[in-house]
Amino acid sequence: MNASGPAASLPAAGSVAAPLDVRLGVGAVAAWLAVSMTLGRSPVVALLVAVGSVLVGLAAWVAARHGGHGTALTVAAFCVALVLLPLSARLARARDGPLAHLALSHANVTADLRVTSDPRPLTGGGPASAAPRVAVDADLTAARFADRTLVLDGRVIVFAPAQTWRELIPGQLVRSRVRLAPAANAGLLSAIAAAQSAPERIGQPPWWQRAAVVCALVVAAGCEHPSRTGPRSVARPGRRRHQ
């Protein structure tokens, strides 16, 4: 006798109720590829690709509504448009904003910076006697020059002497004299800054960044001074005790 009623339609224990929808994965991969290919392009290119993706998505959606197989293409196209439309606006702001125009004049400014990465040492390309230098990613929030103060919001990369800049941590607020230069199609970067003075700390980083630094120092100290509670001697391979 066959079972009937609501209990008969329930899936067996441990079974999967519905198959995994791979269309979302297709959309995510398509969006990632679109960002990778347009990040170094002009904002107009990103906008045109976004508009084209909308048109392709609409055509695929209409085809799917009439019995076609364009559902995955619809998801992929709309995911691409969803990420490229705001990206084109951010690229336009980075390439054509006030900070980018200020960098075109190679201005010397006193900049307020929010550090966004650990300083990275630079190697090679200079004489052996040259002082070590680092590269630091930062957000430039204000620039002072010629008795004027501009409130800005743009990404920069700072090239600076390692001796005075290598101790900075992400989230640190500093002020320094820098010389700006344009960044040629470098993604969301608005300018390149060459430090001409040591950083003046004008604000503390967030508490979680300070906690991360403390944890890193503790781990580093533990690696430099390992525990001595283990065995005092270790037998070497191939070595035998002579009777």
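Side note on the pairing of strand β1 (residues 108-115)
Here β1 runs beside strand β5 (residues 173-182); their pairing, made up of seven bridges, is antiparallel. Note on β5: the bridge partner recorded for Ala 111 is Ser 176. Relative to strand β3 (residues 133-145), β1 runs antiparallel, the two being bridged by six bridges. Residue pairing across strands places Thr 110 opposite Arg 144, the latter belonging to β3.

Quick notes on the pattern of salt bridges
Evaluated as defined, the whole model comprises four salt bridges. The shortest N-O distance in the salt bridge between Arg 93 and Asp 153 comes to 3.5 Å. Linking Arg 93 in helix α3 (residues 71-96) with Asp 153 in strand β4 (residues 148-161), this pair joins segments that are 60 residues apart in sequence. The same class applies to Arg 93 and to Asp 153, which are both exposed. One salt-bridge network, held together by shared partners, links Asp 112, Arg 144 and Arg 175.

A short note on the nonpolar core
Val 109, Leu 113, Leu 140, Val 158, Trp 165 and Leu 180 are the most contacted members of the largest nonpolar core, which has 27 residues in total. Here this core gets six residues from one element, more than from any other, and that element is β3. Formed by eight residues, the second largest nonpolar core is a distinct cluster that contains Ala 46, Leu 84, Leu 87 and Leu 188.

Re the side chain of Asp 139
Within the secondary structure layout, Asp 139 lies in strand β3. Despite being buried, Asp 139 has no salt bridge partner; Arg 114 is the closest side chain of opposite charge, sitting 4.5 Å away. Apart from residues no more than four positions distant in its own chain, Asp 139 is found in contact with Asp 112, Leu 113, Arg 114, Thr 116, Gly 154 and Arg 155.

Quick look at the packing of helix α2 (residues 43-65) against α3
Any two packed helices are characterised by how steeply their axes cross, that is the angle between the axes, and by the distance between the axes. Their axes nearest at 7 Å, the elements α2 and α3 cross at an angle of 160°. With respect to their mutual orientation, α2 and α3 come out roughly antiparallel. Along this stretch, α2 crosses α3, giving a crossing that reads as left-handed. The residue makeup of the contact of α2 with α3, split by class, is 20 nonpolar, five polar and one charged.

Observations regarding the confidence of the model for the chain
Detailed conclusions should not be drawn from predicted coordinates in areas where pLDDT is low. For the chain, the mean per-residue pLDDT works out to 81, and 80% of the residues sit at or above 70. Throughout residues 14-18 the model reports pLDDT below 50, and contacts reaching past four residues in sequence, or to other chains, amount to zero contacts. The model gives residues 228-243 a pLDDT under 50, and that stretch makes zero contacts with residues more than four places away or in other chains.

Some points on the pairing of β4
With twelve bridges joining them, β3 and β4 adopt antiparallel strand pairing. For Asp 137, the partnering residue across the bridge sits in β4 and is Ile 157. Here five bridges tie β4 to strand β6 (residues 189-195), and the two strands are oriented parallel to one another. Counted as the bridge partner of Val 156 is Ala 191 from β6.

Comments concerning unusual backbone geometry
One non-glycine residue with positive phi stands out, namely Ala 146, at about 50°. The exposed category is assigned to Ala 146, whose relative accessible area is 63%.

A look at α2
Look at α2: 33 Å from first C-alpha to last across 23 residues, which is about the 33 Å you get at 1.5 Å a residue. If you check which residues of α2 are buried, you get Pro 43, Ala 46, Ala 50, Ser 53, Gly 57 and Ala 60. As for α2, its buried residues are in contact with α1 (23-38) and α3. Among the residues trailing α2, Gly 67 stands out with phi positive, at a value near 90°.

As for the environment of Leu 47
Its location among the elements puts Leu 47 in helix α2. Taking relative accessible area as the criterion, Leu 47 reaches 40% and is therefore assigned partly exposed. Spatially, the C-alpha atom of Leu 47 lies 8.7 Å from that of Ala 81, the residues being 34 residues apart in sequence.

Reading the values: the criteria
- Residues numbered from 1 in each chain as written.
- Predicted model: local features only at pLDDT ≥ 70, side-chain atom pairs only at ≥ 80, totals over all residues.
- Heavy atoms only, no water.
- Pairing = 2+ DSSP bridges.
- Helix = DSSP H or I, 4+ residues; strand = E, 2+ residues; numbered from the N terminus.
- Salt bridge = Lys/Arg side-chain N within 4 Å of Asp/Glu carboxyl O.
- Buried < 20%, exposed > 50% of the residue type's maximum accessible area, 1.4 Å probe, protein only.
- Core = buried A, V, L, I, M, F, W, Y, C linked by side-chain atoms within 4.5 Å.
- Lys, Arg positive; Asp, Glu negative; His and termini not counted.
- Contact = heavy atoms within 4.5 Å.
- Axes fitted to C-alpha atoms, helices over the stretch in contact; angles between N-to-C directions.
- Parallel < 35°, antiparallel > 145°, perpendicular 65-115°, else oblique.
- Left-handed = near helix turned anticlockwise from the far one by under 90°.
- Nonpolar A, V, L, I, M, F, W, Y, C, P; charged D, E, K, R; others polar.
- pLDDT = per-residue confidence, 0-100.
- Expected span 1.5 Å × (residues − 1).

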